[in-house]
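Spelled out, the chains give:
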Amino acid sequence: MAVQPFNPALPPLKYQRSSPLAESTSAARHQGPSTIGVGSRREYLNITVQGPNLAYPPRVPPGSVADLDMLYEHCTFDTNKYVRDCLEVLRVGGGLDNGRHARRGNTEHWNYIFKEAPKYTREPPPKRKPLTIKQKKLIKQGGSDAGLWSRDTLEAPLTNLSKPIPPKPHADLRTACDPDYPRIFHMFWAGPFNDKPYVAILSFLFTQNLGLHLDKPDSKVCRPQFWMWINPGPAAAVPNPSAVGDMFRDLAANPWASPFLHPRFKDVIQFKMWNTTEQLDSIPELKDEWRAWKDNLFNSGGEKFKVAPEKEKKPEPPKSQSGSALNPLPANATATAQEPDPTSDEMVNRLGSASADSYDKLSVVLSDMVRFVLCHRYGGIYLDADTVLLRDWEELWGWKGAFAYRWSFHQAYNTAVLKLNKRSALGTFLFRTAFRKQFDFHPMVISKYTRHAFLDNLLIRLPDALFDPAWLNWEGYQREKPPFPYFTKCVM
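Described in the following lines is the structure provided in the data block.

Read from one edge of the open sheet, 3 strands run S1-S3-S2, paired in antiparallel fashion. In this open sheet, the two strands that pair with only one neighbour each are strand S1 (42-44) and strand S2 (65-66). Of the pairings in the sheet, the one linking S1 to strand S3 (residues 113-116) comprises 3 bridges and is antiparallel in character. Across the sheet, the residue bridging to Tyr 44 is Phe 114, located in S3.

Given below as structure tokens:
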């Protein structure tokens with residue numbers, strides 16, 4: 001082609017990377033990157049606070065998407081970007097600023113949120129040139145670079161990987177929610193419900209666009225859900241048939257949990273029982289083989305924790321299967337948790353994390369696997385229980401890829417926030433690889449899995465400034481320009 005086609009799916013020119021060929025000539029520099037235009041046109045949004053309620057900034061429009069390439073430029077630690085500057089970009093670009101402040105530079109380039117135009121506005125893709133004789137020969141021979149010429153001729157993968165589901169622009173959806181990309185926040189908790197998960201759920205209610213104040217939910221808004229997965233006993237507890245009934249009775253009697261059982265929250269908050277056996281059996285990549293390694297399920301960074309053999313107990317009379325009035329029990333109630341021996345100090349019998357002396361390490365190790373199981377089975381985003389949401393996640397839901405975030409200054413993942421698509425090929429790869437490594441789902445080890453397979457770009461490692469802006473400063477970095485003012489005096 002004499003002139004490269006316009007690519008509507010690319011970010012603004014400032015954030016485009018030109019190819020080496022384009023940089024070699026002055027004429028080619030004006031043609032943009034050497035890519036074929038596909039996808040919907042991006043319409044970048046200038047979100048501003050409107051009076052009179054300047055204290056309550058507007059939410060981003062439904063269907064918005066975050067330009068992660070732009071956020072990388074402003075926030076990545078690799079190029080010595082300061083967390084404080086990144087937070088300023090997030091604040092201004094997300095419409096959380098009233099504009100009455102002096103800002104450095106041109107803030108027009110800080111608009112990182114865009115909407116995708118409907119499908120009918122796309123330009124038809126250009127026709128490809130016919131293959132040369134050499135290219136046809138490479139395809140016929142199945143050469144290593146044959147796929148560069150025709151994707152349809154790539155050799156079949158070693159495993160049956162699922163094909164990615166093409167994401168649709170929000171404007172093309174028949175309903176507000178895309179069923180292929182469900183909006184579910186997952187959280188896992190072991191032991192008695194306390195103030196930590198309480199604050200996490202409360203932050204969800206205060207920040208996400210749930211429309212609970214409306215008589216009828218807005219049909220244009222996709223309301224996310226919060227699924228709290230409860231493992232009420234020790235991490236390696238033995239299942240019993242009355243566990244679900246016991247769980248709901250305990251939640252109803254717990255002052256930290258009972259407010260969320262109100263019918264007002266029934267469409268946005270769900271309490272679910274975690275059952276390791278049932279969950280692993282639901283993963284096609286594991287269901288036929290995991291039992292051979294059931295004694296090695298607790299593996300973290302190569303450190304294995306053995307589960308003590310089950311002690312014999314006298315049979316107990318069956319307990320009532322009736323739940324609370326607010327939460328009727330399902331007929332197929334199954335899952336965990338015999339009551340542990342309070343005098344035992346074995347790690348396998350410890351509950352929760354009430355103190356450093358009784359810290360349930362097994363529950364932490366189990367949660368490393370839980371997050372991947374839940375996201376692969378149901379889709380959505382997993383959050384650690386100490387997460388507090390500060391703003392709407394609409395634009396992060398709009399981005400259809402998978403992501404975690406960076407482990408401080410290390411080139412490694414922190415899966416305290418993890419987004420995976422349901423039944424994705426990436427999930428299949430991670431489960432099969434972790435299975436061969438005896439169920440090691442530690443985030444540092446996950447980083448090795450993707451790096452050795454050259455799959456880092458499939459699980460995006462977002463800058464930690466987006467989720468934990470104090471981490472780098474706590475590690476001793478950026479002390480000359482901290483993201484927050486230091487406390488100089490503390491009065492207890």
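The structure having been displayed, the exposition proceeds.
This part covers the sheet that holds strand S12 (residues 459-462). Strand order in the open sheet formed by 7 strands is S6-S5-S4-S9-S11-S10-S12, and the pairing between neighbours is mixed. Either end of the sheet is taken by a strand with one partner, and the two such strands are strand S6 (269-273) and S12. Taken pair by pair, the neighbouring strands of this sheet meet at an average axis angle of 25°, ignoring direction. Across 2 bridges, the pairing between strand S4 (residues 184-190) and strand S9 (residues 380-383) is parallel. The residue of S9 that forms the bridge with His 186 is Tyr 382. Sitting on the sheet, helix H8 (residues 361-378) touches S4, strand S5 (225-231), S9 and strand S11 (413-420), and the angle it makes with S4 is about 155°.

Let's shift gears to the nonpolar core. In this structure, Phe 185, Phe 204, Met 228, Ile 269, Phe 271 and Trp 393 are the most contacted members of the largest nonpolar core, which totals 57 residues. Examining the composition of this core, we find that 5 residues originate from one element, helix H6 (residues 243-253), more than from any other. Not counting residues up to four positions away in its chain, the partners in contact with Phe 271 are Phe 193, Ile 201, Met 228, Ile 230, Met 247, Phe 248, Leu 251, Ala 257, Phe 260 and Leu 261. Ranked by size, the runner-up nonpolar core spans 40 residues in total, among them Leu 286, Leu 362, Leu 418 and Leu 430.

Attention shifts here to the layout of surface pockets. If you add up the space inside the largest pocket, you get close to 1,900 Å³. Along the walls of the largest pocket sit 48 residues, with Pro 164, Trp 399, Lys 400, Gly 401 and Leu 458 positioned nearest its centre. Within the residue set of the lining of the largest pocket, elements represented by two or more residues are S2, helix H2 (68-75), S3, helix H10 (425-436) and S12. Looking at side-chain class alone, the lining of the largest pocket contains 27 nonpolar, 8 polar and 13 charged residues.

Quick notes on the rules
Residues numbered from 1 in each chain as written. Predicted model: local features only at pLDDT ≥ 70, side-chain atom pairs only at ≥ 80, totals over all residues. Heavy atoms only, no water. Pairing = 2+ DSSP bridges. Helix = DSSP H or I, 4+ residues; strand = E, 2+ residues; numbered from the N terminus. Axes fitted to C-alpha atoms, helices over the stretch in contact; angles between N-to-C directions. Contact = heavy atoms within 4.5 Å. Core = buried A, V, L, I, M, F, W, Y, C linked by side-chain atoms within 4.5 Å. Buried < 20%, exposed > 50% of the residue type's maximum accessible area, 1.4 Å probe, protein only. 1 Å grid on protein atoms, 1.4 Å probe; cavity = no way out; pocket = protein on both sides within 12 Å on 5 of 7 lines; lining within 4 Å. Points joined across faces, edges and corners; volume = space filled by probe spheres on them. Nonpolar A, V, L, I, M, F, W, Y, C, P; charged D, E, K, R; others polar.

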